[in-house]
Amino acid sequence: MGTRTLLMPLLICLASLVCLQAAAAQAGDVAVVVNDRNPVNTLSSTELREIFAGEKHYWAAGVPIRIFVRGPGTPERNALLKLLGMTESEYKRYWTTQILRGEAQAEPMPLPSNGMQREAVVAYPGAVALVGFQDIKAGMKVLKFEGRKPGEAGYALQGR
Amino acid sequence: MRHVSWAAAMLFLLSSLCYPQVATPTDPETIGQLVQQVKDLQERVRILESQQRPTDASVPNSPNLPTPPVEPAEEAATASALEQKIHETRGIQWRGFGEVDYKALSQRQPELGAYGFVPGSAGNFYTGDFGLFLTSKLTEKASVLSEIVFEDGDAQTYKVDLRRLLLKYDYGEHLKMSFGRYQTSIGYYNWAFRSAAWLQTTADRPLVMEFASNGGLLPTQAIGVSLTGTIPSGKLGLNYVAEYGSSDTIRPDISGDGRETDENNGNHVNVGFFLRPDALRGLQIGASYYHDKISNLALDAASGAPVPQTPGSPGPSARYGQTIDNGYVVYVAHGIEFLNEGFLIRDAALHFSNTVYNTPAFYSQVSKQMGHIRPFVRFQYVNASPNDLIYNDVGLRFGPSFGARYDLNDYIALKAQLDHTVRRGEPDLNGLHLQLAFTF
């Protein structure tokens, strides 16, 4: 009886900690989302970096890739900069360089909200965006990143 | 035992209370996130109001649930709202770049014969290249690019040079076509740094990569077709470039003798390959082969009239087969820039002789970003035969350059560079080059 009395609160305590940990991990996860008609299901970090660096311009099916990003200070932007290994200033200079080289038309358009990102992903077949896990909505197809979906243990794309 | 239960309960409570404190960012970040959330919500309300549809709050917040079909009306409204936003990237996109320079040499005679350097003075201000860069997207796969450069000339006059004018069409990742005036893809430097001084770490280009109109050795521009794309090669990241076009290079003698050489080029072929392996991001290894037929018609730079040929020379109609072999290894990542390029320019006399003149050249440049400052060191080498009638003004030149680039912000950079050049048959040349480079 005594042991059970001791164990029960401890188990509850541990379970709650695990739940909190998982919830916190999910909250920091940033999903890679595309139009739901896009046949791609998974991307490696190299592929995702090439896409958001503007080095890869087409999906495998030949549809032009259209990048949408969030503005500075957002978790999605943090995840993007981590992915590219750049600071905000380096990111700006990188795109200016790409434009003046003639490798890019313009810097990827920063959208003011994840709602707009959702609209963009729905509207454009070649769209790709990074969206915080808690803001995933219908119409967004979430891709696996390095074999894992956001919310799963070990998911690598973090916005914190 | 009751104490133990209480202790466990308190532990649970504390863990619940403490966790957010650990996970909670600092106050400014929290405020920033809250402001962002308010903006998100305002934007969401605006979109929903514009669509005059009931809220989609009932949509379960899970990526694994089946996706409801998007109504055509909703899609149209969405596209309309987005098009308004995307309008910013449509139409003609303007960018620009410029530079203001001060250069002092240890001789009262210009080198490269360029940029309004006034003979008789050891130091001068000049404005180098001022460029207007325009792009316009025509369709998803077609676009236009133009780069109009105003070059500073003698007596503060300016010459307009259409450095690039390209109609681009991307068939796919494996085939991207450009038609018009392009910068030849001989080597890495021409591709990476184009015309803008702001793009470069150093204040000037290595001599071998200098624009031909400023005395550089390579045909930097041509009109024709340029193809590039990826070659399926897995993690090797193999790419190709192929160009066929006409250049008509006129390069001023860099010795300051007031002459220039009209090469009257034929149609050239340039083929190159480069690797960007996944295993070492930032590494690029490439090689290219260029072939053309050229002349060495000597002109008076001021009047443009042909100058009398030296006795024994093959005459202005003599043609040379020119091949340019290039190889490079560059690494640009983690703030490090390590550029190494080598060239072998071969001018083979056609019909009138079996003579072949070889001009080897290379440069090596290393720099490291340290906050706003990027110190750099460069060593360059060019060795042209004194008997080569095309590059006899160049001769043997080699020496180091070192300095630093300071980025005042994302658009303005200040550079200071010291050069020491050893020249065959002439005194060593020292130079100080200060530059304010900007883009807008």
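Before any of the text, the structure's been laid out above.
Residues numbered from 1 in each chain as written. Chains lettered and ligands numbered in written order. Predicted model: local features only at pLDDT ≥ 70, side-chain atom pairs only at ≥ 80, totals over all residues.

**Thoughts on the overall build of chain B**
The helix and strand inventory of chain B stands at 4 helices and 20 strands. Each of the 440 residues in chain B was classed as buried or not, and the buried ones make up 33%. A separation of at least 24 residues holds for 55% of the contacts in chain B among residues at least 6 apart in sequence. (Helix = DSSP H or I, 4+ residues; strand = E, 2+ residues; numbered from the N terminus. Buried ≥ 20, exposed ≤ 12 C-beta atoms within 10 Å, placed from the backbone. Contact = placed C-beta atoms within 7 Å.)

**Some points on the sheet that holds strand 1 (residues 30-35) of chain A**
Hydrogen bonding along the main chain pairs the strands of a sheet, whether they run parallel or antiparallel. Residues and elements named next belong to chain A. Taken together, the 6 strands give an open sheet; going across it, the order is 2-6-1-5-3-4, and neighbouring strands pair in mixed fashion. Of all the strands in the sheet, just strand 2 (42-43) and strand 4 (109-111) have a single pairing partner and so form its edges. Pairing of strand 3 (residues 66-70) with strand 4, which is carried by 3 bridges, proceeds in the parallel orientation. Paired with Val 69 across the bridge in strand 4 is Pro 110. Helix 5 (residues 114-123) rests against strand 1, strand 3, strand 4, strand 5 (127-132) and strand 6 (140-145) of the sheet, and its axis sits at about 150 degrees to strand 5. (Pairing = 2+ DSSP bridges. Axes fitted to C-alpha atoms, helices over the stretch in contact; angles between N-to-C directions.)

**Examining the environment of B:Gly286**
Residue and element names in this part refer to chain B. Positionally, Gly 286 belongs in strand 12 (residues 283-294). A tally of 21 C-beta atoms within 10 Å means that Gly 286 is categorised as buried. Spatially, the C-alpha atom of Gly 286 lies 5.3 Å from that of Tyr 328, the residues being 42 residues apart in sequence. Setting aside residues up to four positions removed in sequence, Gly 286 forms contacts with Tyr 188, Gly 272, Phe 273, Phe 274 and Tyr 328.

**Describing the sheet that holds strand 10 (residues 259-262) of chain B**
Residues and elements named next belong to chain B. With antiparallel pairing, 3 strands are arranged side by side in an open sheet as 9-10-13. Because the sheet does not close on itself, it has two edges, and the strands there are strand 9 (250-252) and strand 13 (297-300). Ignoring strand direction, the axes of neighbouring strands in this sheet form an average angle of 30 degrees. Bridge count between strand 10 and strand 13: 4 bridges; the pairing is antiparallel.

**Examining unusual backbone geometry**
What you tend to see is this: most non-glycine residues have negative phi, and most peptide bonds are trans. For A:Glu146, which is not glycine, the phi torsion reads 55 degrees and is therefore positive. For A:Glu146, the location among the structural elements is in the segment after strand 6. The phi torsion at B:Asn264 lies on the positive side, around 40 degrees, for a residue other than glycine. As for its position among the elements, B:Asn264 is in the loop between strand 10 and strand 11 (267-275). The class for B:Asn264 is partly exposed, based on 16 C-beta atoms found within 10 Å.

**Here we look at the nonpolar core**
Counting 34 residues, the largest nonpolar core has A:Val32, A:Val33, A:Ala120 and A:Ala129 as the members making the most contacts within it. Looking at this core, the elements with two or more residues in it are strand 1, helix 2 (45-52), strand 3, helix 3 (75-84), helix 5, strand 5 and strand 6 of chain A. The next biggest cluster of nonpolar side chains, apart from the first, holds 31 residues, and it includes B:Tyr189, B:Ala212, B:Leu218 and B:Leu389. (Core = buried A, V, L, I, M, F, W, Y, C linked by C-beta atoms within 7 Å.)

**Notes on the packing of helix 2 of chain A against helix 3 of chain A**
All names here are of chain A. Helix 3 packs onto helix 2 with a crossing angle of 110 degrees between their chain directions and a minimal axis gap of 9 Å. Comparing their axes, helix 3 and helix 2 come out roughly perpendicular. Contacts from Leu 48, Arg 49 and Phe 52 of helix 2 reach helix 3 at Leu 80, Leu 83 and Leu 84. A class-by-class count of the residues in the contact of helix 2 with helix 3 yields 5 nonpolar, no polar and 1 charged. (Parallel < 35°, antiparallel > 145°, perpendicular 65-115°, else oblique. Nonpolar A, V, L, I, M, F, W, Y, C, P; charged D, E, K, R; others polar.)

**A short note on the pairing of strand 15 (residues 336-349) of chain B**
Regular strands show a simple pattern: their side chains alternate between the two faces of the sheet. Residues and elements named next belong to chain B. Bridging between strand 14 (residues 320-333) and strand 15 involves 14 bridges; their strand directions are antiparallel. In the sheet register, Tyr 320 faces strand 15, and the bridge partner there is Ala 349. Taking the residues that link successive antiparallel strands as the turn, the strand 14-strand 15 hairpin has 2 residues, and the phi of His 334 there is positive, at about 55 degrees. For strand 15 and strand 16 (residues 356-368), the ladder comprises 13 bridges, and the chain directions are antiparallel. Note on strand 16: the bridge partner recorded for Glu 341 is Tyr 363. A loop of 6 residues connects strand 15 with strand 16, the two strands running antiparallel in sequence, and His 351 in this loop sits at a positive phi of about 70 degrees.

**A closer look at helix 3 of chain A**
Residues and elements named next belong to chain A. Three or more residues of helix 3 are buried, namely Pro 75, Glu 76, Ala 79, Leu 80 and Leu 83. Each buried residue of helix 3 lies within a common arc of 145 degrees when the element is viewed along its axis, so the set occupies one face. Where helix 3 is buried, its residues contact strand 1, helix 2, strand 3 and strand 5. One or two positions beyond helix 3, positive phi appears at Gly 85, with a value near 70 degrees. (Arc of directions from axis to C-beta.)

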